[in-house]
There are 4 protein chains.
Amino acid sequence: MSSFGRVYRVTTWGESHCAGVGCVLDGLPAGFPLSRDDIQQQLSRRRPGQSSLTTPRQEADEVEVLSGLQDGLTLGTPVALLVRNTDIRPQDYKDMTEVPRPGHADFTYVAKYGINSKSGGGRASARETIGRVAAGAVARKYLKDKLGVEIVAWVESIGHISLSSEFQWTGLSEEMVDTLGSFAMYSHEGRNYYRDLTGNWLDDQGQRTGAVPTSGEGSTILMRCPDPTTAIQMAELVQEVKAAKDSIGGIVRCVVRNAPAGLGEPCFDKLPALLAHAMISIPATKGFEFGSGFEGTKMRGSQHNDPFVMTEKGLQPATNHAGGTLGGISTGAQITFRVAFKPVSTIGLPQETVSFSGEKLVLEAKGRHDPCVVPRAPVIVESMAAMVLLDAHLMQCTRHS
Amino acid sequence: MSSFGRVYRVTTWGESHCAGVGCVLDGLPAGFPLSRDDIQQQLSRRRPGQSSLTTPRQEADEVEVLSGLQDGLTLGTPVALLVRNTDIRPQDYKDMTEVPRPGHADFTYVAKYGINSKSGGGRASARETIGRVAAGAVARKYLKDKLGVEIVAWVESIGHISLSSEFQWTGLSEEMVDTLGSFAMYSHEGRNYYRDLTGNWLDDQGQRTGAVPTSGEGSTILMRCPDPTTAIQMAELVQEVKAAKDSIGGIVRCVVRNAPAGLGEPCFDKLPALLAHAMISIPATKGFEFGSGFEGTKMRGSQHNDPFVMTEKGLQPATNHAGGTLGGISTGAQITFRVAFKPVSTIGLPQETVSFSGEKLVLEAKGRHDPCVVPRAPVIVESMAAMVLLDAHLMQCTRHS
Amino acid sequence: MSSFGRVYRVTTWGESHCAGVGCVLDGLPAGFPLSRDDIQQQLSRRRPGQSSLTTPRQEADEVEVLSGLQDGLTLGTPVALLVRNTDIRPQDYKDMTEVPRPGHADFTYVAKYGINSKSGGGRASARETIGRVAAGAVARKYLKDKLGVEIVAWVESIGHISLSSEFQWTGLSEEMVDTLGSFAMYSHEGRNYYRDLTGNWLDDQGQRTGAVPTSGEGSTILMRCPDPTTAIQMAELVQEVKAAKDSIGGIVRCVVRNAPAGLGEPCFDKLPALLAHAMISIPATKGFEFGSGFEGTKMRGSQHNDPFVMTEKGLQPATNHAGGTLGGISTGAQITFRVAFKPVSTIGLPQETVSFSGEKLVLEAKGRHDPCVVPRAPVIVESMAAMVLLDAHLMQCTRHS
Amino acid sequence: MSSFGRVYRVTTWGESHCAGVGCVLDGLPAGFPLSRDDIQQQLSRRRPGQSSLTTPRQEADEVEVLSGLQDGLTLGTPVALLVRNTDIRPQDYKDMTEVPRPGHADFTYVAKYGINSKSGGGRASARETIGRVAAGAVARKYLKDKLGVEIVAWVESIGHISLSSEFQWTGLSEEMVDTLGSFAMYSHEGRNYYRDLTGNWLDDQGQRTGAVPTSGEGSTILMRCPDPTTAIQMAELVQEVKAAKDSIGGIVRCVVRNAPAGLGEPCFDKLPALLAHAMISIPATKGFEFGSGFEGTKMRGSQHNDPFVMTEKGLQPATNHAGGTLGGISTGAQITFRVAFKPVSTIGLPQETVSFSGEKLVLEAKGRHDPCVVPRAPVIVESMAAMVLLDAHLMQCTRHS
């Protein structure tokens, strides 16, 4: 179904080639300040065309608030949002009614619906994520205003280029014992990155590194990677991949600060399970891990267990291999997880494949596409995290008698 | 909440220290053959005490079918199942009302519910998985009988001991082109492992390798690892960890064969997203990846895209980096994913931590525990996969007009 | 929440004074013919201003299909619909921020949301039913095309003016035995009313009786009552009530023909329970009864039980006191129920009441309003019935293995 | 499906002829006092065999609490309850595999599930209501303890014998203006019935009137009707119907006192809509009306509108034609509604009908049955009301930011 969440219930709709995309946000608490700008601001972070490395598809993505707000406050009724599709060029995609593109959903949409539509797997378009970002923008605003929750995600790797180890989470540093509640804190040029990092800073930083002559075209580059040196290497790799008419994947890390303890349910609706559901529902994802993740399987319990210490905020885990939850319920420590994104499926290189009727052919995509969607992914990851956390918070409001 | 699924809706209940655990299975199609034995058989695979390496807690885990069956057929009404707790020793756990165990849910249950119960995070007990396995046993039976779907999971690694590369999935082998629909096929001593592997074979194989003198006690070892050589190394590692009063994690791979194309929904309820939700809801999990997973982020799109070929079964992807889905919807190819399990939190080693009131102390667990739960995890992984697939299949029944 | 249904899941949004109202229709089967006109046609039946007796608020209620359709077929993806509000006159309602109107939701919206909005209980506006009618139009189209289901509702009474007994359901007529599957069949001027009655016929008939000089203004009257004589009496009553600046209620009957047997679930989701939920969720309703209803409580079991007879369609109840279901599940006989509508709350007469601050005052409404909404209610009743039946049908698709 | 509610989510299971019936109660707040006795007490009120007029089927209906409680408090985890079936006599029902009983679900269960089970429409048995009463007992306890909510239902009519008008709700009495918040208050022998009435009082009163020689057998009669004179007339009617081997229906009224304002949602989940769903899901119901109900359709708006007055509790409606809600949301006034119950389908009289194969025959039921279930219905009505209200209350906890 096209809905997500139990109390904060988000329903999205829209294909890439219909009149628009949008969402309905149900279950929002009434009376909290929310404006169209709060939403537009995040949509603009998601928008393609922010740098020369991403898709040149130019869409303003101007959101219209159709309902649920009055005088700058939520009414408690559903907030309906609409973003019109303004740059539809169906002829770019016409082949896909005859040839299922490798790595795309054209094939499976036909298997599922028995319909071979002009827009292929229309809901599988990246434009579907507009509804997610809009829904997340609203959740994020509430979480920040009411609970002080901060959510930030960044690019940790592109292909084999990864943030150097000093920027990576280990869960074992000396500093961590000093900075309880944070899962990591590293100094770099005087900044405590994981603690202070914000989406805006990452956006700005990306713009700053845009001066680097990566493409010779004076283009801006927005990698959303906290380390400028690595960001430039990543940008160069993406340029190289683009020149080769190919594509490349990467990994996004997300950190949630100040989430209250007690969120998430035992059993099926553990907080990490809801996050996993949310993240793997993002197009092009291949993996999710939280806290120690796959590497944690190699640890001994005596290393992995996070002992408790008493802090001014009360009892807290001293380290954070857990990633911010125990038994699926938040501890109050930072929640951290990683999401893997595959190389995007639309490439310029010719591909040998077959048509729906089985005829062998060579496919050359002409449509607009990014060589790497990873720098645009953090805002989507943050948005889905915000949706999960607001929903979990509202559920938790029902748990105390 | 304690329910999972939309049409095949499973609700579980029970703590480790109450009268029992159980589940209610709603939405089952009527009139298909199902017996208590179908369920008991899977529960026995989950049961602790199968080898000298796992917890000595002895519980028969005899399931009682309370409703929903008659004359060996499902009635279409809810199937309620009950497994009584027979080996409750609350005194083993009494400390946890004063001291939250590191890595356990004692702390977060108090944060969530404001209750410091004798059983700590009672729903976080491994016994909670009984309901999952029972629910999965029923789903598995249906999927196999009606659709020929086979689900098998095995241990791929324990700590740093991993199946050698010849047993691992690559997605690129020559054989794969010949064996479309399978994601991998390797010969070992004349067996095509990933193609033929069944849970029973893994169970038997585990027993066979039990003759290996791993502990000097003549004990049986059930690793559920397809390669006997690796299985023995794994068993030795677990023995070593056990001797050190510590614990160790590992990775389980699951493969689903013969799943029909078209399962899963666009957007939020993509099949991999539902699987991620299901898997990360299993206690002690830290990560989920499907198809190419985190490694896939390093590939180029031209490598990662699975071209289509025409087969006797119709169009199919020639390789399977996708892991069996495109756009979140099954292709008909094998569905494959991996789940990371952390080292279990209960260890015999003393741990420095603090009590709820902040008093520093050294905790030494006396309760029963496994040094490594990974060999018991495959049946749980298979069960959750079966629940997801049956639910997705039933949803898909509503999608064609 | 603002959603209804389990598989055919409808979410509505919009207040009377925001940009518009609309809905998202999720879970629709793919590939069935649907056009904007199918929806607009039903919306036009709901629209106010169809006769001189109803509200003069003039709104075109032109629907825009934002997604989910292509080339005249459903894609299987969500259908999003938008109807803009074009005739907003907030000044008509400005008093309600200070004075909660008797019978209106102004008071309870403040109690619920803590917000005293300009539009009062904005979601309680009759415009909210636009989303219901649109959602019902789509369901109705599917049910008719695929299953031959026909749904028709009409006005049975206005105030004390009621259809004469020959037009009322008895469940015991001789003819019924001859016409199994119908719950009643009466001849009137050569027509078999309940059997042949359609919404269009009722609409037309209403227009025809419009020539009757009920108001002396030559205005048209659309009562949607199958008996022209009674329709005129009803219209005269409404005229009288209107002249008195008062309002009046009435009762709508609905009949569903050709619904397949087997729809509805045991226990909580019985078909009549879902219908009751749907009907009592319509604004201004006060009661729901199906089959023999409240009168049936006075019957003996030997009278009330509907014996079975063998027909060409197979076994069927010979009479239909049950109203088309047994144990909550449809029998294949006609489903019939009645819905009570209160007199609308907005009246021209002065009302003694108090402001939110407790000040006594006399309230005189100046806003636009109907003296009687009942003639506009049948299409809403039909629409909600269609939503319930399509959802029940899709659920039933999952019940056979 | 077999679940009800959104946050307080109740799942029931069990047929009349399997091992037992039961329910799982999910979403309960943690830490409130609850004992097995709280549940057993209500189950005993539901139990057949309380008087000579009801079914002689003797079942202790002893409930076992399987999970979710510890030391007399809820844990916040699911409460699972089990009542074993102890008086199964399948031979009483054996005919129904060949002959669908008129008025019963045998026919529709076959239509739905394709299974002709020994127990016919097993989930349609009155024993299914055990789960409802257990779930309601828990909700009722919470509502009473935490919010002071009182729920009481009674028999208003049996067949044509009805409470005299002085006991009936009018909504217009002088006293009502004096007793704001109550929807009616009548003095009878010094008691203010609707204000003071409790389930226990009704139970006791029923016992007291048991001395009346209604059957000549010295049997007790429990009519749960607040007026002793009417109760005796009702009991005599039931005796007469019983002697005639027939059955009779009736009407139950329910009143909820002290429900907080703000419960219920706009649109689909209006509080009366949820109540309608809940009530019409009870076996043998045919109608639901709240507040002025069907009679209200004959009123003018100027009569029906409840003006507001300022009271010590704040603003309240002066009268209560609305029945306790406006726009689907509770006002704080008494919530009142009526539920119609048909004559039970199992009768001793011979019935002409046909077998599944179409053979004409005369059916004479031999199974155990009540001539009138209405006196046992109030506790079920109260229970469903409690489930709805607790769920609405918990939802409302999420609505304020």
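No experiment lies behind these values; they were computed from the predicted model shown.

What counts as what
- Residues numbered from 1 in each chain as written.
- Chains lettered and ligands numbered in written order.
- Predicted model: local features only at pLDDT ≥ 70, side-chain atom pairs only at ≥ 80, totals over all residues.
- Pairing = 2+ DSSP bridges.
- Helix = DSSP H or I, 4+ residues; strand = E, 2+ residues; numbered from the N terminus.
- Expected span 1.5 Å × (residues − 1).
- Buried ≥ 20, exposed ≤ 12 C-beta atoms within 10 Å, placed from the backbone.
- Contact = placed C-beta atoms within 7 Å.
- Nonpolar A, V, L, I, M, F, W, Y, C, P; charged D, E, K, R; others polar.
- Axes fitted to C-alpha atoms, helices over the stretch in contact; angles between N-to-C directions.
- Parallel < 35°, antiparallel > 145°, perpendicular 65-115°, else oblique.
- Left-handed = near helix turned anticlockwise from the far one by under 90°.
- Core = buried A, V, L, I, M, F, W, Y, C linked by C-beta atoms within 7 Å.
- Least-squares fit on C-alpha atoms with pLDDT ≥ 70 in both.
- pLDDT = per-residue confidence, 0-100.

Moving on: the pairing of strand 19 (residues 351-354) of chain D. Sheet topology note: the strand 19 of chain D/strand 20 (residues 360-363) of chain D ladder contains 4 bridges and is antiparallel. Bridged to T353 of chain D within strand 20 of chain D is L361 of chain D.

What follows covers helix 10 (residues 377-396) of chain A. Residues spaced three or four apart along an α-helix face the same direction, because each turn holds 3.6 residues. Here helix 10 of chain A is 20 residues long and its end C-alpha atoms lie 29 Å apart, about the 28 Å a rise of 1.5 Å per residue gives. Most of helix 10 of chain A is tucked away: 20 of the 20 residues are buried.

Let us look at the interface of chain D and chain C. Contacts between chain D and chain C engage 91 residues on the former and 91 residues on the latter. Within the side of chain D that touches chain C, the residues separate by chemical class into 41 nonpolar, 35 polar and 15 charged.

Let's shift gears to the packing of helix 1 (residues 36-46) of chain C against helix 3 (residues 129-147) of chain C. All names here are of chain C. Close contact between helix 1 and helix 3 brings their axes to 8 Å; oriented N to C, the two are set at 135°. On the basis of the axis angle, helix 1 is oblique to helix 3. Where helix 1 crosses over helix 3, the two elements pack in a sense that is right-handed. Judged by residue contacts, D38, I39, Q42, L43 and R46 of helix 1 engage T129, I130, V133, A134, G136, A137, V138 and K141 from helix 3.

To continue, consider the environment of T230 of chain B. All names here are of chain B. Relative to the elements of secondary structure, T230 occurs in helix 7 (residues 228-243). Accessibility expressed as a C-beta count within 10 Å gives 20 for T230, which makes it buried. C-alpha of T230 to C-alpha of R123: the two residues are 107 residues apart in sequence and 34 Å apart in space. Residues contacting T230, with those up to four places away along its chain left out, are I161, L163, S164 and C225.

With that settled, consider the nonpolar core. In terms of nonpolar packing, the biggest core is built from 440 residues, with L389 of chain B together with L389 of chain D touching the most fellow members. Once residues lying within four places of it in the same chain are set aside, the contact partners of L389 of chain D are A139, L143, V149, V256, A259 and L263 of chain D.

Moving on, we come to the relation of the copies chain D and chain C. Superposing chain D onto chain C requires a rotation of 180° together with a translation of 0.0 Å along the rotation axis, leaving an RMSD of 0.0 Å. Viewed as a symmetry operation, the transformation between the two copies matches a two-fold axis. Minimal C-alpha distance to the rotation axis in chain D is attained by H277 of chain D, lying at 2.3 Å. Taken together, the interface assignments show that 100% of the residues at the interface of chain D recur at the interface of chain C, consistent with an identical surface on both copies.

Another aspect to go through is the interface of chain B and chain D. With 34 residues of chain B at the contact, the number on the chain D side is 33 residues. Contributions of two or more residues to the side of chain B that touches chain D are made by strand 2 (9-13) and strand 3 (20-26) of chain B. Here the element with the most residues in the side of chain B that touches chain D is strand 3 of chain B; it accounts for 4 residues. Taken together, the residues of the side of chain B that touches chain D break down into 13 nonpolar, 16 polar and 5 charged.

Right, let's get into the packing of helix 3 (residues 129-147) of chain A against helix 10 of chain A. Residues and elements named next belong to chain A. Packing of helix 3 against helix 10 leaves a shortest axis separation of 7 Å and a crossing angle of 55°. In terms of orientation, helix 3 and helix 10 fall into the oblique class. Note on packing geometry: the crossing formed by helix 3 with helix 10 is left-handed. For the pair helix 3 and helix 10, the contacting residues are T129, R132, V133, A135, G136, A137, A139, R140, Y142, L143 and L147 in the first and V379, I380, E382, S383, M384, A386, M387, L389, L390 and H393 in the second.

This part takes up unusual backbone geometry. Of note in the backbone geometry, D71 of chain B takes a positive phi value of approximately 50° without being a glycine. Positionally, D71 of chain B belongs in the loop between strand 5 (69-70) and strand 6 (73-74). The phi dihedral of K245 of chain D is positive, around 55°, even though this residue is not glycine. Its place among the elements puts K245 of chain D in the loop between helix 7 (228-243) and strand 12 (250-257).

Next up on the list: the relation of the copies chain B and chain D. Superposing chain B onto chain D requires a rotation of 180° together with a translation of 0.0 Å along the rotation axis, leaving an RMSD of 0.0 Å. A shared binding surface is used by both copies, with 97% of the interface residues of chain B retained as interface residues in chain D.

Our next topic: the pairing of strand 15 (residues 314-317) of chain B. Remember that side chains alternate between the two faces of the sheet whenever the strand is regular. Residue and element names in this part refer to chain B. As paired elements, strand 14 (residues 308-311) and strand 15 share 4 bridges and run antiparallel to each other. Its bridge partner lying in strand 15, V309 is registered against Q316. Linkage of strand 14 to strand 15, two consecutive antiparallel strands, is achieved through a turn of 2 residues.

Residue and element names in this part refer to chain A. The strand order across the open sheet formed by 5 strands is 1-2-3-7-4, and the pairing between neighbours is antiparallel. Strands with a single pairing partner mark the edges of an open sheet, and in this sheet they are strand 1 (3-4) and strand 4 (63-65). Sheet topology note: the strand 2 (residues 9-13)/strand 3 (residues 20-26) ladder contains 5 bridges and is antiparallel. Counterpart to T11 in the pairing with strand 3 is V24. Strand contacts of helix 1 (residues 36-46): strand 4 and strand 7 (79-84), with the helix running at about 155° to strand 4, the strand carrying the most contacts.

Residues and elements named next belong to chain A. Confidence along chain A averages 82 in pLDDT terms, with 78% of residues attaining 70 or more. Highest mean pLDDT in chain A belongs to helix 8 (residues 271-280) (98); lowest belongs to helix 4 (residues 174-178) (34). Scored below 50 in pLDDT, residues 170-196 makes 49 contacts in the model with residues more than four places away or belonging to other chains. ipTM for the predicted complex: 0.90, alongside a pTM of 0.91.

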